[in-house]
Amino acid sequence: MKAAVVGRSRDVRVVELERPEPAVAEVLVDVACCGVCGSDLHMLSAGLVQAGHVLGHEFTGVVAGLGSGVTGWALGDRVAVLPVLACGQCYACRSGRPNLCQEQGIDHGPGIGRPGGYAESVTVPAGMLRHLPDNVSDAHGALAEPLAVALHAIRVSGAEPDEPVCVLGSGPIGVLTVAGLLASGYGRIAVVEPGPGRRAAVERQGVRALAPLDARAGVPRLLGGPPTTVIDSTGHPSAAPLALELLAPAGRLTVVGLPEDPATLDLSLIAFKEITIRGSLVYDERDFAAALAHLAAGNIPCDAIITAVAPLADAPSLIADLQAGATGQVKVLLSPGRPAAGPG
């Protein structure tokens, strides 16, 4: 089978690999669509994965093989993959935070701890499979995983639908956060994003977006006052300091983007405004189920978010463009196998 693997020079190249066989309690999935995630780019640039590794944790496909002991699944079932299988026993799991599981968390999942979806086929534990609704296409279904990230950030932020919310960044997670807010009934939303192309991606959803230089004056004007919640999806160290300036007293900052470099924060602003800062890491079953439900209900403007669906052969050039940061792409999907199926 063909797969896009990490090269020795931290690039991506397409090679031939043996098609995997599902082990006990595993399922073989023929991959239909797999999203390129910002964390994939980070793992490449930071050297966090070895040469030969197959990235990709945002994918849909079809059940193509069953390992021994697997029940409840049949060949041909269309699936989305929830790439986290919590242990249920560690402190995080027992505390109701399975997304933080250190025994079997996302670091052990496909694309990170084991081969992922940048390939024609991949094996995953059967417990990671979720049925893809019949009215959701393979391409749209590939948004379930990053949409779950966005929905988790919204949930842990504590924001109520009538509150003013500012989203920093309109990359894939930022755009999906805006979509999740709109789908959940939030009406007072502003976005801060330096890239004109990515600002346009948000404005196609009917939400105003500003450049960072215009944010201090513009965000309160758009929202009718300072935001009570800021969700930072940027992964850039300049965003959190801006959030502290923008937030209303008693406001909340939720950090979902992961900067490679530390941020310098003005602690006096945190004290004077009594700002609460929370982290948001991946999602849990509730968020993933909510993501699939929103997709099935047609609440997410998937075609405005997915800006490219490309064959696996295009992975090296597309990922190089994304790494360079000079692209107008929002969400790029690879389609390693058969054409994307289902409506939409």
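Residues numbered from 1 in each chain as written. Predicted model: local features only at pLDDT ≥ 70, side-chain atom pairs only at ≥ 80, totals over all residues. Heavy atoms only, no water.

### Observations regarding the overall build of the protein
Along the protein, the regular secondary structure elements total twelve helices and 15 strands. For 344 residues, the compact-globule estimate of 2.2 N^0.38 gives 20 Å, and the C-alpha radius of gyration of the protein, at 20 Å, lies within 12% of that figure. By residue count, 53% of the 344 residues in the protein fall in the buried class. Considering only intrachain contacts with a sequence separation of at least 6, the fraction spanning at least 24 residues in the protein is 71%. Put simply, the protein shows about 14,300 Å² of open surface, and 54% of that area lies on carbon and sulfur atoms. (Helix = DSSP H or I, 4+ residues; strand = E, 2+ residues; numbered from the N terminus. Rg over C-alpha atoms; globule rule 2.2 N^0.38 Å. Buried < 20%, exposed > 50% of the residue type's maximum accessible area, 1.4 Å probe, protein only. Contact = heavy atoms within 4.5 Å. Areas by Shrake-Rupley, 256 points an atom, 1.4 Å probe, with all protein chains shown as cover.)

### Topic: the sheet that holds strand β9 (residues 189-192)
Spatially, β10-β9-β8-β11-β12-β13 is the arrangement adopted by the six strands of the open sheet, whose pairing is parallel. In this open sheet, the two edge strands, each paired with only one partner strand, are β10 (209-210) and β13 (276-279). Where strand β12 (residues 252-255) lies against β13, four bridges are found, and the strand directions are parallel. Bridge assignment links Thr-254 to a residue of β13, and that residue is Arg-278. Packing against the sheet, helix α8 (residues 239-246) makes contact with β8 (165-168), β9, β11 (229-232), β12 and β13, and its axis sits at approximately 165° to β8. (Pairing = 2+ DSSP bridges. Axes fitted to C-alpha atoms, helices over the stretch in contact; angles between N-to-C directions.)

### Things to note about the packing of helix α4 (residues 144-157) against helix α10 (residues 285-297)
In the contact formed by α4 and α10, the axes pass within 8 Å of each other and the chain directions differ by 115°. For the pair α4 and α10, the sense of crossing is right-handed. Only Arg-286, Asp-287, Phe-288, Ala-290, Ala-291, Leu-292, His-294 and Leu-295 of α10 make contact with α4, whose side of the interface consists of Ala-144, Glu-145, Leu-147, Ala-148, Leu-151, His-152 and Arg-155. Residues that form the contact of α4 with α10 fall into these classes: nine nonpolar, two polar and four charged. (Left-handed = near helix turned anticlockwise from the far one by under 90°. Nonpolar A, V, L, I, M, F, W, Y, C, P; charged D, E, K, R; others polar.)

### Notes on the nonpolar core
Ranked by internal contacts, the top residues of the largest apolar core, which has 47 residues, are Tyr-283, Phe-288, Ile-300 and Ile-305. Secondary structure elements with two or more residues in this core: α4, β8, α5 (172-183), β9, α6 (196-203), α10 and α11 (302-305). Here this core gets eight residues from one element, more than from any other, and that element is α4. Setting aside residues no more than four positions away along its own chain, Tyr-283 makes contact with Leu-82, Pro-83, Val-84, Asn-99, Ile-106, Glu-145, Ala-148, Val-149, His-152 and Phe-288. Judged by nonpolar contacts, the second largest core, of 39 residues, contains Ala-3, Trp-73, Ala-126 and Ala-310. (Core = buried A, V, L, I, M, F, W, Y, C linked by side-chain atoms within 4.5 Å.)

### Structural notes on unusual backbone geometry
A positive phi angle, close to 65°, is found at Arg-10, a residue other than glycine. Mapped onto the fold, Arg-10 is located in the loop between β1 (2-6) and β2 (12-16). Among the residues examined, Arg-10 registers a relative accessible area of 25% and is labelled partly exposed. Of note in this structure, Ala-25 is not a glycine but carries a positive phi near 70°. Take Ala-25: it is sitting in the loop between β2 and β3 (26-35).

### Describing helix α12 (residues 315-324)
Inspection of α12 places Ala-315, Leu-318, Ile-319 and Leu-322 among the buried residues, and these make up the whole buried set. Summarising the axial view, the buried residues of α12 lie within an arc of 95°, below the 170-degree limit, and thus occupy one face. Buried residues in α12 make contact with β1, β2, α1 (38-45), β14 (306-311) and β15 (331-335). With its phi angle positive at about 75°, Gly-325 sits one or two positions after the end of α12. (Arc of directions from axis to C-beta.)

### Some words on the environment of Ser-68
If you trace the backbone, Ser-68 turns up in the loop between β4 (58-66) and β5 (78-81). For Ser-68 and Val-230, which are 162 residues apart along the polypeptide, the C-alpha to C-alpha distance reads 47 Å. Setting aside its immediate chain neighbours within four residues, Ser-68 contacts Ala-23, Val-24 and Ala-25.

### Observations concerning the packing of α4 against α5
Two elements in contact, α4 and α5, have axes whose closest approach is 8 Å; the angle formed by their N-to-C orientations is 65°. α4 and α5 meet at a crossing whose hand is right-handed. Listed contacts from α5 to Pro-146, Leu-147, Val-149, Ala-150, Leu-151 and Ile-154 of α4 are Ile-173, Leu-176, Thr-177, Gly-180 and Leu-181. Across the contact of α4 with α5, the residue classes tally to nine nonpolar, two polar and no charged.

### Section: the packing of aromatic side chains
Summed over all chains, the structure comprises one aromatic pair. For the pair Tyr-283 and Phe-288, a centre-to-centre distance of 6.0 Å together with 50° between the ring planes defines the contact as tilted. Of the two residues, Tyr-283 and Phe-288, neither departs from the other in class, the shared state being buried. (Phe/Tyr/Trp six-rings, centres within 6.5 Å; stacked < 30°, edge-to-face > 60°.)

### A word on the confidence of the model for the protein
On average, residues of the protein score 94 in pLDDT, and 98% of them are at 70 or above. The low-confidence segment residues 339-344, where pLDDT is below 50, has 17 contacts with residues more than four positions distant or belonging to other chains. (pLDDT = per-residue confidence, 0-100.)

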